[in-house]
Every structure is written in C-alpha cells, then in structure tokens.
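# Inside the fold
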Amino acid sequence: MKKLIIGILLLAVVGLIAWKLLGGKEEKPREKQKALSIAENTGTFNQSYAQLLQAYYAVKDALVASDTAKATAAAHQLILASDSLKVSEIQGDTSGMIKETAKSYTANLSTTAKVLADSKTLDDKRKQFEMIADAVWSLTRTVKYNGEKVYWQYCPMAFNDKGAYWMSNDTIIMNPYFGNEMLHCGSTEDSLNYAKK
C-alpha cells in the first residue's frame, strides 16, 4: 500500500514538472479594469448640455405636433447646440475616454440632425429622430449629465411594430413617432438622474 501511494505521488510530481516544461502556465488573476471616474460637471458644461437637451426636446415636440417646418428649425438649433457642447468642461475624466466618446456622439448627433433638417417628409424626419434619440440618450449616460432627470420612453408600434425609443423630460407619454394618431402610445422604460441627492 505504501508503494502505491509513493507511486501515485511520484507520478503526480512528474506530471506537474512535465506540464510546467511543456508550456503550462499558471493563470495570473486578471487585473480589474479601473472605472472611469467622473466628478460633478461644471456649471458651464451643464448649461451647454441643458441647451442641447432643450434643442432635442424642441425636435421631439415638433414631431409630436407633426409639424415638419418646426422640426426642421429645431434640428438646426440642435446642430448648433451639439457643435457648441462644452466637452472640454467635463470633469474628472482621468483617461480622456469620456471626452472622446462625447465628441463622437456629438459629431453623430450633428450629422443626423442635418439629415433630419434636409428630410422633406414627416416619416423621414421621424426615422432620423430615432437615431438622434439614441445618440442623446447614450451621450447623457456617458457624460453623466447632472442637471434635470430624463426619461427613456418606448413605443412598440413605431416603424411597423419594430419599436423605437425617445427621451423626454416628463413621464407623460407624448409620442413623436405617431403624433396625434396615437399620442399616448408607449411607456417609460428607464430614467437617468445623476444630480446629487
């Protein structure tokens, strides 16, 4: 019995040595990625972001009212607000990733708002608005805008039941994809509130 135990131990030691020599490596524990840190944004940034949100809400409200002329005018304001967002005022971005990501979203936002402004039909404007809504929501999450609370709302019937989201500053559903046809179709799916409590 003693020889059997010694034989098993010897075999285990030889196996371990062979494994090490043939390239077996102990896995090192992975370093956890450090979270991007962000402090409270400056008043200058929050003011410029509030202007961007107001321009966005003006586009949304024009589409709720099914008013193509107002949607075009509001899209031009959104372009200006997006292009002049004070990204350099974002605080606590130790890696620079938040600012770079924000710049990417604002560039996409401006481009899509230009397409919306140039679109002739209400349906085409609404298609562009869906992309704008996604960009503004993602941008708000990225920069952790700590002004007003914002709501993420959803209409399951938009675009032939594909569904679409939009941002709102109110819990009351005012559907920009249908306007008066189905004004209150939708639900609030999420919200963001980075203001200090």
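Another point: the overall build of the protein. For the protein, the count of helices and strands is six helices and three strands. Across the protein, helices and strands are ordered from the amino to the carboxyl terminus as α-α-α-α-α-β-α-β-β. If you take every contact in the protein between residues at least 6 apart in sequence, the share linking residues at least 24 apart comes to 66%. Of the roughly 11900 Å² that the protein leaves accessible, carbon and sulfur atoms contribute 56%.

Attention now goes to the confidence of the model for the protein. Summarising the model, the protein shows a mean pLDDT of 84, and 79% of its residues fall at 70 or more. Ranking the helices and strands of the protein by mean pLDDT puts helix α3 (residues 68-83) first, with 97, and helix α1 (residues 2-21) last, with 58. Scored below 50 in pLDDT, residues 30-38 shows 13 contacts in the model against residues more than four places distant or in partner chains.

So, on to the state of the cysteines. Considering all chains together, one arrives at zero disulfides under this definition. No disulfide involves Cys 155; its nearest neighbouring cysteine sulfur is the one of Cys 185, lying 3.6 Å away.

Moving on, we get to the layout of surface pockets. Of the voids in this model, the largest pocket is the one considered here, and its volume is about 150 Å³. Residue lining of the largest pocket: Asp 123, Arg 126, Lys 127, Met 157, Ala 158, Phe 159, Asn 160, Tyr 177, Phe 178 and Glu 181, and that is the complete set. Of all the secondary-structure elements, those providing two or more residues to the lining of the largest pocket are α5 (122-143) and α6 (158-161). By residue class, the composition of the lining of the largest pocket is five nonpolar, one polar and four charged.

Turning our eyes to something else, we now look at the environment of Thr 111. For Thr 111, the location among the structural elements is in helix α4 (residues 97-118). In sequence terms Thr 111 and Ser 82 are 29 residues apart; their C-alpha atoms lie 9.9 Å from each other.

Here strand β1 (residues 150-155) lies mainly inside the structure; five of its six residues are buried. Alignment of β1 against strand β3 (residues 187-192), held across five bridges, turns out to be antiparallel. Bridged to Val 150 within β3 is Leu 192. Where β1 and strand β2 (residues 164-168) come together, five bridges link them in antiparallel fashion. Along β2, the bridge assignment pairs Gln 153 with Trp 166.

What follows is about the pattern of salt bridges. Under the counting rule described, the total for this entry stands at three salt bridges. As a salt-bridge pair, Asp 61 and Lys 60 come within 3.0 Å of each other at their nearest N and O atoms. Given a relative accessible area of 4%, Lys 60 falls into the buried group. Between Glu 100 and Lys 103 there is a salt bridge, with the nearest N and O atoms lying 3.6 Å from each other. Of this pair, Glu 100 and Lys 103 both sit in helix α4, separated by three residues, roughly a single helical turn. Given a relative accessible area of 45%, Lys 103 falls into the partly exposed group.

Our next topic: the nonpolar core. Side chains of a nonpolar character, in soluble globular proteins, are inclined to be buried together. Among the nonpolar cores identified, the biggest contains 47 residues, and Tyr 49, Tyr 56, Leu 78, Phe 129, Val 136 and Met 167 are the most heavily contacted of them. If you list the elements that add at least two residues to this core, you get α2 (43-64), α3, α4, α5, β1 and β2. For this core, the element with the most residues is α2, which contributes ten residues. When sequence neighbours within four positions are dropped, the list of residues in contact with Tyr 56 reads Leu 78, Phe 129, Ile 132, Ala 133, Val 136, Trp 166 and Met 167.

Below, the discussion takes up the sheet that holds β1. Pairing is antiparallel in the open sheet, where three strands are placed in the order β2-β1-β3. Strands with a single pairing partner mark the edges of an open sheet, and in this sheet they are β2 and β3. Geometrically, the sheet is characterised by an average inter-axis angle of 25° between neighbouring strands, direction not taken into account. Strand contacts of α2: β1 and β2, with the helix running at about 130° to β2, the strand carrying the most contacts. Against the sheet, α5 contacts β1, β2 and β3, and its axis sits at roughly 55° relative to β2.

The rules we used
- Residues numbered from 1 in each chain as written.
- Predicted model: local features only at pLDDT ≥ 70, side-chain atom pairs only at ≥ 80, totals over all residues.
- Heavy atoms only, no water.
- Helix = DSSP H or I, 4+ residues; strand = E, 2+ residues; numbered from the N terminus.
- Contact = heavy atoms within 4.5 Å.
- Areas by Shrake-Rupley, 256 points an atom, 1.4 Å probe, with all protein chains shown as cover.
- pLDDT = per-residue confidence, 0-100.
- Disulfide = S-S within 2.5 Å.
- 1 Å grid on protein atoms, 1.4 Å probe; cavity = no way out; pocket = protein on both sides within 12 Å on 5 of 7 lines; lining within 4 Å.
- Points joined across faces, edges and corners; volume = space filled by probe spheres on them.
- Nonpolar A, V, L, I, M, F, W, Y, C, P; charged D, E, K, R; others polar.
- Buried < 20%, exposed > 50% of the residue type's maximum accessible area, 1.4 Å probe, protein only.
- Pairing = 2+ DSSP bridges.
- Salt bridge = Lys/Arg side-chain N within 4 Å of Asp/Glu carboxyl O.
- Core = buried A, V, L, I, M, F, W, Y, C linked by side-chain atoms within 4.5 Å.
- Axes fitted to C-alpha atoms, helices over the stretch in contact; angles between N-to-C directions.

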